[in-house]
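Report on the structure
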Amino acid sequence: MLRIVAGRGKGKNKDTLLTTDFTLEGIHFRRDWHPAESVGQRCLARGLSDMAAMGGEPLAAFLSLALPSDLPQSWVGRFARSLISLAERYGVTLAGGDTAESPNGILADIVVVGTAPRGKAVLRSGARPGDRIYVSGELGGSAAAVWELRKKPKLRLNPRQYQRHFFPEPRIELGRILREKGLASAMIDISDGLSTDLAHICEESGVGAEIDAEAIPRANVGKPAREVDLQFALHGGEDYELLFTASRGKRVPSRIAGVPIVQIGHVTRGRKIFLRNRAEVGYELQPRGWEHFRKW
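Residues numbered from 1 in each chain as written. Predicted model: local features only at pLDDT ≥ 70, side-chain atom pairs only at ≥ 80, totals over all residues. Heavy atoms only, no water.

Counting 46 residues, the largest nonpolar core has Leu44, Trp75, Phe79 and Leu178 as the members making the most contacts within it. Secondary structure elements with two or more residues in this core: α1 (36-53), β2 (57-67), α2 (73-89), β4 (107-117), α5 (172-180), β10 (242-246) and β12 (259-268). Per element, the largest residue contribution to this core is nine residues, and it comes from α1. Of all hydrophobic cores here, the second largest spans 26 residues; its members include Ile190, Leu194, Ile216 and Leu243. (Core = buried A, V, L, I, M, F, W, Y, C linked by side-chain atoms within 4.5 Å. Buried < 20%, exposed > 50% of the residue type's maximum accessible area, 1.4 Å probe, protein only. Helix = DSSP H or I, 4+ residues; strand = E, 2+ residues; numbered from the N terminus.)

So, in structure tokens, the structure goes:
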């Protein structure tokens, strides 16, 4: 049982937050590419990242699994231990769920429940013209891993060299601080790619944006470490960093909760998004991030 208190006691000044995400074999992962531990962490990280993007405090998770009958029990155990380990790090209770047999591949549905002070959750709709646009961490590392795997399907990458892809950490503490200090006017996690997720903020807020290509922080991956291509940072998904806007009067530190924060542009009155290169030449940036139903 999960009791949600509303209208009285300690819960009277809180809103309940809910998010749900599928993790599907062949769409979000492949067993020959991703160890079970990676699949487990990625499964829960998706939901926790949505919570972080609202500045929420995650409380509980519900996991429903559909598994092929021939799936080794050892794979399920490693998956579960990884997911539970991430949950414990963020004080999240695995409160329930369901299991079923799948005729074709692994399907996992994660539901995360959390809270935020009443009316204080950060939405996608709060960006205003003149706001500055910021991003946490580095972008493109997850997409670079997928590109390497697609290029050489039998290749086994070292997860330590592609950490944001195999073992992403949701930015829960960062999101909470941005909400508590009133820094973020709008926020989203970068799950579908910078170009697509920024378009979501602009659409919800009724604004446009201008981005500086040189300012976008690009991940370093592989061995020897090398900076990823700009296209990965622009359109690659599953980085689970936070993209947010802040009014020009707010002072946003260059590091929050140990995570680097970089200003990459500003919000405009128009409805389009423009990308400016080193030569100050601008062109319209079309959303070209994650495409659902695209198989690996």
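So, on to helix α6 (residues 194-205). Along its twelve residues, α6 runs 16 Å from first to last C-alpha, staying within 8% of the 16 Å computed at 1.5 Å per residue. Where burial is concerned, most of α6 is hidden: nine out of the twelve residues are buried. When α6 is considered as a whole, its buried residues turn out to be Leu194, Ser195, Thr196, Asp197, Leu198, Ala199, Ile201, Cys202 and Ser205. Just past α6, the residue glycine 206 takes up positive phi, approximately 70°. (Expected span 1.5 Å × (residues − 1).)

Before going further, it helps to examine the sheet that holds strand β1 (residues 14-24). Taken in spatial order, the four strands make up an open sheet running β1-β4-β2-β3, and their pairing is mixed. The strands lining the two open edges of the sheet, one partner per strand, are β1 and β3 (93-101). Along the sheet, successive strands turn relative to each other by an average axial angle of 15°, direction set aside. Examined bridge by bridge, β1 and β4 share eleven bridges and lie antiparallel to one another. Counterpart to aspartate 21 in the pairing with β4 is isoleucine 110. Set on the sheet, α1 makes contact with β1, β2 and β4; between it and β1 the angle comes to about 145°. (Pairing = 2+ DSSP bridges. Axes fitted to C-alpha atoms, helices over the stretch in contact; angles between N-to-C directions. Contact = heavy atoms within 4.5 Å.)

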